[in-house]
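Tertiary structure, described
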Amino acid sequence: DIISHKQADLKGRRILVTAGPTVEPIDPVRFISNRSSGLQGYAIAEALAARGAEVHLISGPVSLPTPPHVTRINVQTAQEMYEACLAHLPVDAAICVAAVSDWRADTIQAHKIKKKGDEAAPTLSLVENPDILATLSHAEQRPALVVGFAAETTHLQDYAQQKRQKKGCDWLLANDVSKHQFGGAENQVLFLTGSGVEPWPEMSKQDLAQHLADKIASFFHQEAP
Ligand code: CTP
Ligand code: CA
């Protein structure tokens with residue numbers, strides 16, 4: 001078993017991980033989405049399951065295999081991801097890695113929108129999606145540990161610190177997406193907690209997942225009576 005060569009130090013912990021993009025339909029053939037390969041979220045789910053955690057991976061559409069010993073729940077929209085997350089509470093930890101679409105079309109057209117000669121292009125009216133990370137951070141059944149990610153293209157540390165406070169999560173991993181190509185194998189983050197900022201070196205998404213799993217395991221180790 002893959003668990004046997006590792007310390008099963010997360011055994012008995014129930015952990016929710018969101019990953020991938022969400023997809024918001026406009027009409028039967030079109031959608032709005034976010035760039036996301038799902039690689040980082042899947043690597044985290046895999047690392048946690050390998051240490052014995054009961055991992056529920058709520059995933060938007062990605063072309064990746066389900067990691068061993070992980071329960072995967074497929075969703076399309078932010079609303080579906082939100083509902084699936086709430087349906088899985090209570091959990092010990094929630095790790096929100098998904099690139100959730102901030103907006104959706106306010107009405108989904110039942111039929112394909114057609115071009116109409118020389119009329120102007122249609123305009124899209126958008127409404128905001130629920131914030132899953134903020135909701136989990138303030139839930140009545142709040143997980144003991146709530147972790148978010150932040151993708152920024154400028155003012156990385158300032159924006160990320162503000163985001164951690166605004167969302168109410170415990171930890172936030174911030175990456176500069178203008179430096180790291182989407183879908184790449186490497187990642188580099190600032191690790192923000194209530195007690196400060198640690199810049200982590202550039203590493204593979206697998207190594208980053210191991211690093212985070214170490215932090216999560218020691219969080220629960222210290223929390224234990
Ligand atoms: N997130 C979420 N639900 C949303 C939007 C974001 O759970 N509707 C989570 C992401 O999974 C990530 C974190 O919130 O863990 C930060 O996402 P990000 O897009 O960086 O932050 P936003 O608050 O949406 O701010 P903005 O996109 O304006 O920078
Ligand atoms: Ca966003």
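Residues numbered from 1 in each chain as written. Chains lettered and ligands numbered in written order. Predicted model: local features only at pLDDT ≥ 70, side-chain atom pairs only at ≥ 80, totals over all residues. Heavy atoms only, no water.

Going by the annotation in an unreviewed UniProt entry, the name recorded for the chain is Coenzyme A biosynthesis bifunctional protein CoaBC, with Bombella saccharophila given as the source organism.

Right, let's get into unusual backbone geometry. With glycine set apart, most residues show a phi of negative sign, and most peptide bonds adopt trans. Omega for the bond connecting L89 with P90 falls within 30 degrees of zero, at 0 degrees, which places this linkage in the cis form. Here P90 lies in the loop between helix 2 (78-87) and strand 6 (93-96). Notably, H69 is not glycine yet its phi reads approximately 65 degrees, a positive angle. Examined against the element boundaries, H69 turns out to sit in the loop between strand 4 (54-59) and strand 5 (70-74). Residue H69 is classed as partly exposed on the basis of its relative accessible area of 46%. Backbone geometry places H155, a non-glycine residue, at a positive phi of 50 degrees. In this fold, H155 is placed in the loop between strand 9 (145-152) and helix 4 (156-167). (Helix = DSSP H or I, 4+ residues; strand = E, 2+ residues; numbered from the N terminus. Buried < 20%, exposed > 50% of the residue type's maximum accessible area, 1.4 Å probe, protein only.)

Each pair of donors in an ideal octahedron of six around a metal sits at 90 or 180 degrees, and each pair in an ideal tetrahedron of four sits at 109.5 degrees. Those donors, D102 (OD) and D102 (OD), are the protein atoms that reach the calcium ion (ligand 2), and they lie 2.4 to 2.5 Å from it. One can find D102 in the loop between strand 6 and strand 7 (103-105). (Donors = N, O, S within 2.8 Å, 3.2 Å for Na, K, Ca; no water.)

With respect to topology, 8 strands assemble into an open sheet ordered 5-4-1-6-9-10-12-13, the strand pairing being mixed. Unpaired on one side and paired on the other, strand 5 and strand 13 (196-199) mark the two borders of the sheet. The mean inter-strand angle of the sheet, taken between neighbouring strand axes irrespective of direction, is 15 degrees. The sheet contact formed by strand 6 and strand 9 spans 4 bridges and is parallel. Within strand 9, the position partnered with I95 by the bridge is V147. Packed on one face of the sheet, helix 5 (residues 205-223) meets strand 1 (14-19), strand 6, strand 9, strand 10 (171-176), strand 12 (190-193) and strand 13 and runs near 165 degrees to strand 10. (Pairing = 2+ DSSP bridges. Axes fitted to C-alpha atoms, helices over the stretch in contact; angles between N-to-C directions. Contact = heavy atoms within 4.5 Å.)

By the element assignment, A94 lies in strand 6. When the C-alpha positions of A94 and G148 are compared, they lie 8.4 Å apart, and in sequence the two are 54 residues distant. For A94, the contacting residues outside a window of four places in its chain are L16, L136, P143, L145, V146 and V147.

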